[in-house]
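# Working through the structure, step by step
So the chains spell out like this:
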Amino acid sequence: MSKVRVRFAPSPTGPLHIGGVRTALYNYLFARQAGGDFILRIEDTDSQRFVPGAEEYILESLKWCGIKVDEGVGVGGPHAPYRQSERKDIYLHYALQLVESGNAYYAFDSAESLNELRTAAEKVGETFAYNYKVRGQLETSLRLPAEEVRARIDRGDQWVIRFMMPENEEVAMDDMIRGEVKVNTSTLDDKVLYKSSDELPTYHLANIVDDHLMEITHVIRGEEWLPSLPLHYLLYRAFGWTDTQPRFAHLPLLLKPTGQGKLSKRDGDKMGFPVFPLEWHGSDGEVSRGYREDGYFPEAFVNMLALLGWNPGTEQEIFSMDELIESFSLERVGKSGARFSPDKALWFNAQYMHARNDEELGRAFLPILEKHGITADLATATKAASMIKSRATFVKEFWDLSDFLFVAPAAYDEKATAKYWKNENPARVAQLRELLAGIDDFSAANTNTIVHDLITANEWPMGQVMNSFRLAVVGASKGPDMFQICEFIGKNETLARIDKALDTLGR
Ligand code: GLU
């Protein structure tokens, strides 16, 4: 069998939606597992929909996700160029080959005359289709004498080349996810393959020609392309390339969190989650949120995406890229849409946060501390991160979760004060302070033993006393283990904070 070669073939029409990233990811996993190649081809033949910056955005998104391109735009390779606009000269030859073999024809219809036909059809409640029923009566090389066709082309009339869709033929197609799919060609129209107006092929022609020339073995793409599959099959046949035709797999749609309808940018705006991997700045000044800028770890994002449509057949949910490469299979990709869950995205990030290396988190925490006027060394930031990471989903939450490690409370939470700073609790905290003042070993283990012994020996209510102690040191009833906090801020600071609480809140 020939080497597996897949391609991700986005059109640079705007920021890449997370559905597109998932397509790239599945292609990548499939290729890596098979020891094959992952190719990036930019399909930019639709100049009207071209958006500046979109290609750079695609490249950066793949890089952020850890999806490495073996061949293609930005990398090069034996089939360069990989940007279709730079392959312009290739396609006409193939379009003409189809005209010659009787699989395609010239059409000269003007935009106005086609519009008239559409309007006329609408009037009688029908939809106009350029197909086997009407092509014989239209301005095509099927009807016009050869000399006239030649003359029109020579004098510069605009023309297109359309595929001649066979009449009433059952096309049986094989999809690696859906199995056999059958379509009768009479339901299909004669798609434009090439336009003289901009000397460019349409998506269908360029896509098939390039997949063939680039020796693509598997086409893995979104479900929205399934309706184009019969045409693509017939194009392979018309070119005589069925022997090397790739296999196809159409991925299920990503659905809204409600499960109804396709996930759109508007859902993200409405419900407050990103639908793009990276932040995108539109030319209209509009900024769309990105997973990266929201603070997601790329590994968490990739893990979440991988499971949107594919299931491993086990309970396992956390997968590294290597584990995904090992476990992925198209057979376990579902046919029906995959519902996107913003909560699950958060959950994944939290899992990766908890498992994250402390020092890496400490490093990420340093600039945040600096922003709050705290000069800390890496060891300190790392220690703080290790104490709070189990409570965090994002690094950006670190400050709110740990400000008390760096600054003494400026105020005391009213609710907690009312709840705990009453009866004998202040006096107990004062007693606890005296005990702590007398020890040298301020390690969490030691203060823990000493304080617990004191509370138990006096039969004080543990929760009441510990929360009063916490209120005095932290200013609220929040935060990680009290004794770790004490160790972190040290003896002097702990005692000073208790003194201040006793002075401020009363003894
Ligand atoms: N250029 C198409 C897109 O933007 C590619 C579809 C395909 O993979 O065949 O989705």
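Here goes a summary of the coordinates provided.

Definitions and limits used
- Residues numbered from 1 in each chain as written.
- Predicted model: local features only at pLDDT ≥ 70, side-chain atom pairs only at ≥ 80, totals over all residues.
- Heavy atoms only, no water.
- Near = heavy atom within 4 Å.
- Polar contact = N/O pair within 3.5 Å; in protein donor to acceptor, adjacent residues only side chain to side chain.
- Areas by Shrake-Rupley, 256 points an atom, 1.4 Å probe, with all protein chains shown as cover.
- Nonpolar A, V, L, I, M, F, W, Y, C, P; charged D, E, K, R; others polar.
- Pairing = 2+ DSSP bridges.
- Helix = DSSP H or I, 4+ residues; strand = E, 2+ residues; numbered from the N terminus.
- Contact = heavy atoms within 4.5 Å.
- Axes fitted to C-alpha atoms, helices over the stretch in contact; angles between N-to-C directions.
- Buried < 20%, exposed > 50% of the residue type's maximum accessible area, 1.4 Å probe, protein only.
- Expected span 1.5 Å × (residues − 1).
- Right-handed = clockwise from strand over helix to strand, strands pointing away.
- Core = buried A, V, L, I, M, F, W, Y, C linked by side-chain atoms within 4.5 Å.
- Arc of directions from axis to C-beta.
- Parallel < 35°, antiparallel > 145°, perpendicular 65-115°, else oblique.
- Left-handed = near helix turned anticlockwise from the far one by under 90°.

### Looking at the site of the ligand
- The environment of the ligand is formed by R7, A9, P10, S11, E43, Y203, N207, R221 and W225.
- A distance of 2.7 Å separates an oxygen atom of the ligand from a polar side-chain atom of Y203.
- One of the side-chain nitrogen or oxygen atoms of N207 is found 3.1 Å away from an oxygen atom of the ligand.
- Against a free-state accessible area of 290 Å², the protein chains account for coverage of 83% of the ligand.
- When the residues that make up the shell around the ligand are grouped by side-chain class, the tally is 4 nonpolar, 2 polar and 3 charged.

### Digging into the sheet that holds strand β5 (residues 160-163)
- Pairing is antiparallel across the open sheet formed by 4 strands, whose spatial order is β4-β5-β8-β9. Of all the strands in the sheet, the pair left with one neighbour each is β4 (104-107) and β9 (200-201).
- Two elements, strand β8 (residues 192-195) and β9, share 2 bridges in a ladder whose sense is antiparallel. The residue of β9 that forms the bridge with K195 is L200.
- Helix-sheet contacts for helix α3 (residues 88-100) involve β4, β5, β8 and β9, and the interaxial angle to β4 is about 105 degrees.

### So, the environment of I58
- Note on placement: I58 falls in helix α2 (residues 54-65).
- The exposure class of I58 is buried, given its relative accessible area of 0%.
- Note: C-alpha distance between I58 and P12 (46 residues apart in sequence) is 7.9 Å.
- Excluding anything up to four places from it in sequence, I58 contacts F8, P10, S11, P12, L16, L40 and I42.

### So, unusual backbone geometry
- Cis geometry is adopted by the peptide bond preceding P81, which originates at A80 and carries an omega value of 0 degrees.
- The phi torsion at N168 lies on the positive side, around 45 degrees, for a residue other than glycine.
- Relative to the elements of secondary structure, N168 occurs in the loop between β5 and β6 (170-175).
- For N168, a relative accessible area of 56% puts it in the exposed group.

### Considering the environment of E493
- As for its placement among the helices and strands, E493 is situated in helix α21 (residues 491-505).
- Taking C-alpha positions, E493 is 76 Å from K182, a pair spaced 311 residues apart along the chain.

### Focus on helix α13 (residues 358-371)
- Its 14 residues give α13 an end-to-end C-alpha distance of 20 Å, which sits within 8% of 20 Å, the value for a rise of 1.5 Å per residue.
- For α13, the complete set of buried residues consists of L361, G362, F365, I368 and L369.
- Where α13 is buried, its residues contact α12 (342-355), α14 (378-388) and α15 (398-406).
- Between a side-chain oxygen at the N-terminus of α13 and the backbone nitrogen of E359 the separation is 3.0 Å; the capping residue is N357.
- One or two residues past the end of α13 sits G373, with phi positive at roughly 80 degrees.

### A closer look at the pairing of strand β10 (residues 218-222)
- Taking burial as the measure, the 5 residues of β10 include 5 buried ones, the bulk of the element.
- With 5 bridges connecting them, β10 and strand β11 (residues 247-251) associate as parallel partners. Counterpart to R221 in the pairing with β11 is H250.
- Once the chain exits β10 it traverses helix α7 (residues 229-239) before rejoining the sheet at β11, and the crossover so formed is right-handed.

### Quick look at the nonpolar core
- Among the nonpolar cores identified, the biggest contains 150 residues, and Y291 and F469 are the most heavily contacted of them.
- When residues of this core are assigned to their parent elements, the largest contribution, 9 residues, is made by helix α1 (residues 18-33).
- Apart from the residues within four sequence positions on either side, F469 is in contact with V429, L432, L436, M482, F483, C486 and I498.

### A short note on helix α18 (residues 444-457)
- Here α18 contains 14 residues, and its C-alpha end-to-end distance of 20 Å stays within 8% of the 20 Å for a straight helix at 1.5 Å per residue.
- Turning to α18, its buried residues number three or more, namely A444, T447, I450, V451, L454 and I455. Here the buried residues of α18 occupy an arc of 140 degrees about the axis, which is enough to place them on one side. The outward face of α18, more than 90 degrees from its buried face, is lined by the exposed residues A445, T456 and A457.
- Elements in contact with the buried residues of α18: α17 (425-437), α19 (462-474) and α20 (482-489).
- A positive phi of about 55 degrees marks E459, the residue just after α18.

### Here's the deal with the pairing of strand β1 (residues 5-8)
- Of the two faces of β1, the one holding R5 and R7 and the one holding V6 and F8 are both buried throughout.
- Here β1 pairs with strand β2 (residues 37-40) via 4 bridges, running parallel. Within β2, the residue paired with R7 across the bridge is I39.
- Since β1 and β2 lie parallel, the crossover through α1 that links them has a hand, and here it is right-handed.

### Let's talk about the packing of α17 against α21
- It is the contact of α17 with α21, at a shortest axis distance of 10 Å, that shows an interaxial angle of 155 degrees. When the axis of α17 is compared with that of α21, the two are roughly antiparallel. As α17 packs across α21, the resulting crossing turns out to be left-handed. Every residue of α21 that contacts α17 at P426, V429, A430, R433, L436 and A437 is listed here: K491, T494, L495, I498, D499 and L502.
- Of the residues in the contact of α17 with α21, the class split is 8 nonpolar, 1 polar and 3 charged.

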